[in-house]
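# Residue-level structure breakdown
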Amino acid sequence: MQKWEHCKLRKNVVTFLGAAGVFEDKIDAHLSFQVAFSHLEDRGWELVSVVPDTEGDFVYFFKRLVPGKEMSRE
């Protein structure tokens, strides 16, 4: 079974989603939107959904495999 971690990007703030609510590789909130988006992609995050929030801004949701949690299919 594969284990996934999730995060969301709204404006220039990345929020990591999970049981504990945070992961070790947090991104500083002062990054620009473009830098934050590129940083997530460079670290293996895959865009899975985009939804508008109540203020009209888009919220981007990402996922990636938890490093070291891949299982073989033997």
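If you're wondering where the values come from, they're calculated on a predicted model, not measured in any experiment. (Residues numbered from 1 in each chain as written. Predicted model: local features only at pLDDT ≥ 70, side-chain atom pairs only at ≥ 80, totals over all residues. Heavy atoms only, no water.)

## A few points about the pairing of strand E1 (residues 4–10)
- What you see with E1 is a clean split: Glu5, Cys7 and Leu9 sit on the buried side and Trp4, His6, Lys8 and Arg10 on the side with no burial.
- Note that E1 and strand E4 (residues 58–65) share seven bridges and pair antiparallel. Residue pairing across strands places Leu9 opposite Tyr60, the latter belonging to E4.
- Judged from the five bridges that link them, E1 and strand E2 (residues 13–17) form a sheet pairing that is antiparallel. (Buried < 20%, exposed > 50% of the residue type's maximum accessible area, 1.4 Å probe, protein only. Helix = DSSP H or I, 4+ residues; strand = E, 2+ residues; numbered from the N terminus. Pairing = 2+ DSSP bridges.)

## Details of the confidence of the model for the chain
- In this model, the chain carries a mean pLDDT of 80, and residues with pLDDT of at least 70 account for 74%.
- Per-element averaging of pLDDT across the chain places E2 at the bottom with 85 and strand E3 (residues 46–52) at the top with 96. (pLDDT = per-residue confidence, 0-100.)

## Focus: the pattern of salt bridges
- Tallying each qualifying case throughout the model produces five salt bridges.
- Its salt-bridge partner being Arg10, residue Asp53 comes within 2.4 Å of it at the nearest N-O pair. Taken together, the residues span a long stretch of sequence, with Asp53 in the loop between E3 and E4 and Arg10 in strand E1 at a distance of 43 residues.
- Judged by its relative accessible area of 27%, Arg10 is partly exposed.
- Shared partners join several salt bridges into a network, and the residues in it are Arg10, Lys11, Asp53, Glu55 and Asp57. (Salt bridge = Lys/Arg side-chain N within 4 Å of Asp/Glu carboxyl O.)

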